[in-house]
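Chain by chain, the residues run as shown.
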Amino acid sequence: RTDRGIFPVTINVAVGELFRPAAISEEEFSKRECKISGMHELTAEVVLTELSKQLPRVVQNIVEVANVATITANASDGIFRFAGQGLRDDMTLLISVTIDMNTGSEKLKVNCDNTIFGSRLMAELKAVLAMKQ
């Protein structure tokens, strides 16, 4: 409300901004991943067309889309893991990226307590990881 009237405002927040980084061990990551699998797990395949250019940016791309902590970033093995928690509650978010170094095929996995957030985040991650850098 202003002196000139009332104006409706809509603020759209990217789903990745609804999380905060969660610093957990690799062991804890695996436990949580087993706990929220099944219908709370989404997977997708993305092919990195220019592996040598795109591989160094995997961590940066994930962290730009989702506010998560890096748990594992092993570029030589092609294994990347990230964890976050909801801002309002303790909703768990786990992201795994496994890259086949021979083919450039990338398996993306999102585990999230909230399937709607998980599917929206998966779409955003697929889009950013599929882009040529």
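Everything that follows concerns the structure shown earlier in this document.
None of the values given here were measured: they were computed from a predicted structure.

1. Some points on the overall build of the protein chain
Argument step 1. Per the secondary structure count, the protein chain includes four helices and six strands.
Argument step 2. N-terminal to C-terminal, the α/β element order of the protein chain is β-α-β-α-α-β-β-β-β-α.
Argument step 3. Expressed as a percentage of its 133 residues, the buried residues of the protein chain come to 39%.
Argument step 4. Partitioning the contacts of the protein chain with sequence separation of at least 6, the portion at a separation of at least 24 is 62%.
Argument step 5. For the protein chain, the accessible area works out to roughly 7,800 Å², and carbon and sulfur atoms hold 52% of it.
Argument step 6. Of the side-chain charges in the protein chain, 15 are positive and 17 negative, and the distance between the mean point of each set is 5 Å.

2. Observations concerning the nonpolar core
Argument step 1. By size, the foremost hydrophobic cluster in this structure holds 26 residues, and its most contacted members are Ile 62, Leu 93, Ile 95, Val 97, Leu 121 and Leu 125.
Argument step 2. Of all the secondary structure elements, the ones that give two or more residues to this core are α3 (58–65), β4 (79–86), β5 (92–99), β6 (105–112) and α4 (115–130).
Argument step 3. Per-element tally for this core: the top contributor is α4, with six residues.
Argument step 4. In contact with Val 97, not counting residues within four places along its chain, are Val 58, Ile 62, Gly 78, Ile 79, Phe 80, Phe 82, Glu 106, Lys 107 and Leu 108.

3. Comments concerning a nonpolar patch on the surface
Argument step 1. Side chains of Val 9, Ile 11 and Val 13 sit close together on the surface and give an oily, nonpolar patch of about 330 Å² of accessible area.
Argument step 2. With respect to the helices and strands, Val 13 occurs in the segment before β1 (19–21).

4. Looking at the pattern of salt bridges
Argument step 1. Counted under the stated rule, the structure contains five salt bridges.
Argument step 2. When the shortest N-O distance is used, the salt bridge between Glu 26 and Arg 81 registers 3.8 Å. Of this pair, Glu 26 sits in helix α1 (residues 26–35) while Arg 81 sits in strand β4, placing them 55 residues apart in sequence.
Argument step 3. The exposure class of Glu 26 is partly exposed, given its relative accessible area of 43%.
Argument step 4. A salt bridge links Glu 33 to Lys 109, with the nearest nitrogen and oxygen atoms 2.9 Å apart. Here Glu 33, found in helix α1, pairs with Lys 109, found in strand β6; they are 76 residues apart in sequence, far enough to count as distant. Each member of the pair, Glu 33 together with Lys 109, is buried.

Criteria and thresholds
- Residues numbered from 1 in each chain as written.
- Predicted model: local features only at pLDDT ≥ 70, side-chain atom pairs only at ≥ 80, totals over all residues.
- Heavy atoms only, no water.
- Helix = DSSP H or I, 4+ residues; strand = E, 2+ residues; numbered from the N terminus.
- Buried < 20%, exposed > 50% of the residue type's maximum accessible area, 1.4 Å probe, protein only.
- Contact = heavy atoms within 4.5 Å.
- Areas by Shrake-Rupley, 256 points an atom, 1.4 Å probe, with all protein chains shown as cover.
- Lys, Arg positive; Asp, Glu negative; His and termini not counted.
- Charge placed at Lys NZ, Arg CZ, Asp CG, Glu CD.
- Core = buried A, V, L, I, M, F, W, Y, C linked by side-chain atoms within 4.5 Å.
- Patch = residues over 30% accessible without salt bridge, like charges linked within 9 Å, V, L, I, M, F, W, Y side chains within 5 Å.
- Salt bridge = Lys/Arg side-chain N within 4 Å of Asp/Glu carboxyl O.

Such coordinate-based values are descriptive only and should not be taken to indicate function.
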